[in-house]
Amino acid sequence: MKSVLKLELEEAKVMIEAGIEAARAAGTAETICIVDDGGYLIALERMNGARNTSPDMAIAKAFTASGHRRSTHLFTQPGGPATIHGEAFGIHAMMPGKFAIFVGGIPIVVNGTVIGGVGVSGGAGEDDIAVGVAALKALQRHLGNSYTVLTEPDIKK
């Protein structure tokens, strides 16, 4: 039998609030989404002025990061899994509307296990990543030293 960590609404709210602060500091309007380890929505907030399309994209980014256990921007980098010779070439076509292979999705990894994903949409790619990393760092602060949260942008588990 295995014990598992589960991301809950309390942690999701902490992450979203930190993401909003980071987006405001960057001068961008973002939608921030937190999903569980199955890719199901826990919380989403669309800032005033964020694009109408950003909620669906943020959800897809978070779903992809959680389910495929890697930051979404890593899919299309040179030699990445979604490039023409990669092992995941065409994967986004298998799950239309759910699988995102562009910048803004980062898995939430606690104590070495993917427990969810954060998806950010609305800014330039570097803004989306910075907001996602701010959310991960807020989770680490919230959980304290009893847990280790990966807080870099390039996560592949």
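Before reading further, recall that the structure is shown in the block above.
Anyway, here's the lowdown on the structure attached to this text. The structure displayed is predicted, hence computed values, not measured ones.

### Observations concerning the pattern of salt bridges
Alright, step 1. Evaluated as defined, the whole model comprises 2 salt bridges.
Alright, step 2. Of the charged contacts, one joins aspartate 37 and lysine 6 as a salt bridge, the two residues approaching to 3.2 Å between their closest N and O atoms. With a gap of 31 residues between them, aspartate 37 in the loop between β1 (31-36) and β2 (41-46) and lysine 6 in the segment before α1 (9-26) connect regions that are remote in the sequence.

### As for the side chain of glutamate 11
Alright, step 1. Within the secondary structure, glutamate 11 sits in helix α1.
Alright, step 2. There is no salt bridge for the buried glutamate 11, and the closest opposite charge comes from lysine 13, which lies 11 Å off by N-O distance.

### Let's talk about the nonpolar core
Alright, step 1. Residues Met15, Ile34, Ile108 and Val118 are the most contacted members of the largest nonpolar core, which totals 26 residues.
Alright, step 2. Elements represented by at least two residues in this core include exactly α1, β1, β3 (105-110), β4 (113-121) and α4 (125-143).
Alright, step 3. Ranked by residue count, the leading element in this core is α4, at 6 residues.
Alright, step 4. Residues within four places of valine 118 in sequence aside, it is in contact with Ile32, Cys33, Ile34, Ala62, Gly104, Gly105, Ile106, Ile108, Gly132 and Ala135.

### Overview of the sheet that holds β4
Alright, step 1. Strand order in this open sheet of 4 strands is β2-β1-β4-β3, and the pairing throughout is antiparallel. Of all the strands in the sheet, just β2 and β3 have a single pairing partner and so form its edges. The sheet shows a mean angle of 15° between the axes of neighbouring strands, taken without regard to direction.
Alright, step 2. Examined bridge by bridge, β1 and β2 share 5 bridges and lie antiparallel to one another. Among the inter-strand pairings, valine 35 is bridged to a residue of β2, identified as leucine 41.
Alright, step 3. Each of β1, β2, β3 and β4 is contacted by helix α2 (residues 54-68), which is oriented at about 155° to β4, the strand it contacts most.
Alright, step 4. Along the sheet, α4 contacts β1, β3 and β4; its crossing angle with β3, the most-contacted strand, is approximately 15°.

About the thresholds
Residues numbered from 1 in each chain as written. Predicted model: local features only at pLDDT ≥ 70, side-chain atom pairs only at ≥ 80, totals over all residues. Heavy atoms only, no water. Salt bridge = Lys/Arg side-chain N within 4 Å of Asp/Glu carboxyl O. Helix = DSSP H or I, 4+ residues; strand = E, 2+ residues; numbered from the N terminus. Buried < 20%, exposed > 50% of the residue type's maximum accessible area, 1.4 Å probe, protein only. Lys, Arg positive; Asp, Glu negative; His and termini not counted. Core = buried A, V, L, I, M, F, W, Y, C linked by side-chain atoms within 4.5 Å. Contact = heavy atoms within 4.5 Å. Pairing = 2+ DSSP bridges. Axes fitted to C-alpha atoms, helices over the stretch in contact; angles between N-to-C directions.

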